[in-house]
Amino acid sequence: MNNEISLCMIVKNEEKCLPTCLESIKDVVDEIIIVDTGSTDKTVDIARNYGAKVYYFKWNNNFSEARNVSLKYATKDWILIMDADDELRGEYKKNFKLLLNSKLEDNLVYFFETLNYYGDKPDDNCITINLNPRMFKNGRGFHYEGEIHNQLICPNNEHGAICNDVKIYHYGYLDKNIVSKKKRKRNISILNKLIEKEPNNKFNYFNLGNEYIALDNPKKALEYYYKAYEDFNPDTGFSPALVLRIIVCNYNIREYTKALNFIDTATKYYPKFTDLYFFKSLVYKNLGKITLQIKALNKCVEIGEPPSQLKFFYGSESFKAYFELGNVYMNFKDYDTAYDYYIKSLKSKLDFIDPLYCIAHILKEKNISHAKFKSIIEKFFSGSTKGYPVIADIFYKEGLYKISLEYIQKCEEEKIVTDSIAMLKAKCLIRTGDFDECINMNSIKVESPFYTHFSMYRVLSCILSNKIDYASSILGSFEKNTLSDNDKKLLKIYSELVKLFKNEPTEIISENESQIEYGMILEICEILLINMKFDELKIAVNLFNLIDNKYAFLYLGKLYNKYGFVDLAKKEVLRSIKEFTIYDNEGLDILKA
């Protein structure tokens, strides 16, 4: 490389993610500096295996001091900052190499976009974006300040340069990696002390609000965001993020008027801030103001990709906006317009598959022949066998279980075998009445997170095949103390179901209202309804008597209506209104039918 570079990192107990990070960068940097702040796992050994120079820093609750120690040991011309849960890969890695081989400006700080995954697993459709200073010249006095949220200080008034061609993936916001509540409370304590020292530092208030967001307390977060917003300066680096978070918090607590007021103010400061219009569309969606929702979504598309400093939610100017427009017209049953928007969404991001499920629903509603239906969906995958699992799931979601099984078989023929596919197969088999085949499935092992639910399908298949004793033996094979809370609920419900079919005394499942238990019982009822097992259904609905059942009649009404049993649906909705005064718009629509 024309420019030699040191990677500087601070770490603690990062054995799970550090190998991915270092593997992604080992052939790009000339030196790896690791400052360990107290690891008790294999972090240090892993770092040394990658040739890192490892130094130690006694943790003192100050991230900036630790970061500055790492800078002190760097010997190369340039410094790259990464965290252990970062990764540089794909085209962005190639572009970074090109950048290092170019003429770099000593007085520039190079900013890269960080693509933050969120949710239960990495998904390119679930990304937030922020802009971070990542690369700067060594030996110019750069250092960090701020005990928790360290900020790079440029002593010689260096300028920032946004490098759009280099992006770094960050895994720290995935559910499994989010820091504990204990650490959040520690951060809150530190920030409160900082505020006592510097009561006019708005950045500390902003970060304190962020801590409460991480604790899922948007109302408390807003208290500090509003303090940070006092004497608002739109040119401050964190100001766009601040106003967006104020808007998101108000949206989440349904303070829609406040959210809209802040959006209107913010768009005057930041007219190309696409996310503002996207959240405007979500507010109007919830308020039922569909024309204004469409207008806001079209504005997202019109603005297009915002500048990097105004990028936070991935795709709000493209695939997400088109998808929401498709949903609007889908609700109007304007299937042709909806279809067009879903196609635009897919073209904007080829691996965003949500529109495919909607397209499948449109094809079903249009009574497209099954042969043509399959052909259309397959074309989206260009004949690749890798699409079979998704196609199987699409047909399952549309209630076309036999077609789904066709694609599951194709998966098996192509050696595409996963627990997810086996689970889907069990779901299809029990809904097509292939109870014996479902009972005989053994492809999901005890250690799988799917095992309990999978076993319950086998239990229900046994009940419907008059093999009640076998159902009991399956239930008896579980050790409750090894199960998750949800799996314990599932086991309890199916245990009581077997008792109902054996005419044995039952026990209360739960005295607390729980949507999870409603969903589990409703799935049993739905499977029985699909298979026209009405006598068994009369027995199974008694499960609702074993939980807080005030919503049972309404949910049953909706279930009957879904499968065309309109008279039964009306009867249950009326019972819901008479006995519990519980109804909703969907329930009222059933009565009008």
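Please read these numbers as outputs of a predicted model, since none were measured by experiment.

Time to look at the overall build of the chain. Scanning the chain for helices and strands turns up 27 helices and ten strands. Taken along the three principal axes of its C-alpha coordinates, the chain extends 80 × 55 × 50 Å. Put simply, the chain shows about 29300 Å² of open surface, and 47% of that area lies on carbon and sulfur atoms. Put simply, the chain has 81 plus and 82 minus side-chain charges, and the middle of one group is 1 Å from the middle of the other.

With that out of the way, let us pick up the environment of Ile5. Along the chain, Ile5 falls in strand E1 (residues 5-11). Spatially, the C-alpha atoms of Ile5 and Thr75 are 8.4 Å apart, while their sequence positions differ by 70 residues. With near-sequence residues (within four places) excluded, Ile5 lies in contact with Val28, Val29, Asp30, Glu31, Lys76, Trp78, Ile79, Leu80, Phe96, Leu100 and Met135.

As a further point, take the nonpolar core. Grouped together as the largest cluster of nonpolar side chains are 146 residues, with contacts concentrated most on Ile377, Val459, Leu460, Tyr494, Ile524, Leu543 and Phe544. The contacts of Tyr494, once residues within four sequence positions are left out, are Met456, Val459, Leu460, Leu475 and Ile524. Residues Ala84, Leu108, Ile129 and Val166 belong to the second largest nonpolar core, which totals 42 residues.

By the bridge criterion, three bridges tie strand E4 (residues 78-81) to strand E7 (residues 127-137) in an arrangement that is antiparallel. Bridge pairing in E7 links Leu80 to Met135. Alignment of strand E6 (residues 108-117) against E7, held across eight bridges, turns out to be antiparallel. Along E7, the bridge assignment pairs Thr114 with Asn130.

The general pattern is negative phi for most residues beyond glycine and trans for most peptide bonds. With a phi angle near 60°, Asp216 is a residue other than glycine that sits in the positive phi range. Residue Asp216 is classed as exposed on the basis of its relative accessible area of 66%. In this structure, Met532 is a non-glycine residue whose phi angle is positive, near 55°. Here Met532 shows up in the loop between helix H23 (515-530) and helix H24 (534-540).

Residue pairs three or four apart in sequence face the same way in an α-helix, which turns once every 3.6 residues. Across its 15 residues, helix H26 (residues 566-580) extends 21 Å between first and last C-alpha, which sits within 8% of the 21 Å expected from 1.5 Å per residue. Of the positions making up H26, those classed as buried are Ala569, Glu572, Val573 and Ser576. End-on view of H26: buried residues confined to an arc of 100°, all on one side of the axis. Seen from the buried face of H26, the exposed residues on the opposite side, beyond 90 degrees, are Asp567 and Lys578. Buried residues in H26 make contact with helix H25 (552-562) and helix H27 (585-592). Following H26 by one or two positions, Thr581 adopts a phi angle in the positive range, close to 50°.

So, about the packing of aromatic side chains. This structure, assessed with the given rule, holds 41 aromatic pairs. Aromatic pair Tyr229 and Phe262: ring centres 5.2 Å apart, planes at 70°, arrangement edge-to-face. Here the residue Tyr229 occupies a position in helix H7 (residues 218-229), and Phe262 occupies one in helix H9 (residues 256-269), the gap between them amounting to 33 residues. Where Tyr518 meets Tyr551, the ring centres are 6.2 Å apart and the plane angle is 85°; that geometry is what we call edge-to-face. Of this pair, Tyr518 sits in helix H23 while Tyr551 is found in the loop between H24 and H25, placing the two residues 33 residues apart along the sequence. Tyr551 sits in the partly exposed class, given a relative accessible area of 23%. Feature note: the residues Tyr226, Tyr229, Phe232, Phe262, Tyr269, Tyr270, Phe273 and Phe312 constitute an aromatic cluster, connected by ring pairs.

A separate point is the environment of Lys333. Within the fold, Lys333 resides in the loop between helix H12 (319-331) and helix H13 (335-348). The class for Lys333 is exposed, based on a relative accessible area of 58%. C-alpha of Lys333 to C-alpha of Glu365: the two residues are 32 residues apart in sequence and 9.4 Å apart in space.

Conventions and cut-offs
- Residues numbered from 1 in each chain as written.
- Predicted model: local features only at pLDDT ≥ 70, side-chain atom pairs only at ≥ 80, totals over all residues.
- Heavy atoms only, no water.
- Helix = DSSP H or I, 4+ residues; strand = E, 2+ residues; numbered from the N terminus.
- Areas by Shrake-Rupley, 256 points an atom, 1.4 Å probe, with all protein chains shown as cover.
- Lys, Arg positive; Asp, Glu negative; His and termini not counted.
- Charge placed at Lys NZ, Arg CZ, Asp CG, Glu CD.
- Contact = heavy atoms within 4.5 Å.
- Core = buried A, V, L, I, M, F, W, Y, C linked by side-chain atoms within 4.5 Å.
- Buried < 20%, exposed > 50% of the residue type's maximum accessible area, 1.4 Å probe, protein only.
- Pairing = 2+ DSSP bridges.
- Expected span 1.5 Å × (residues − 1).
- Arc of directions from axis to C-beta.
- Phe/Tyr/Trp six-rings, centres within 6.5 Å; stacked < 30°, edge-to-face > 60°.

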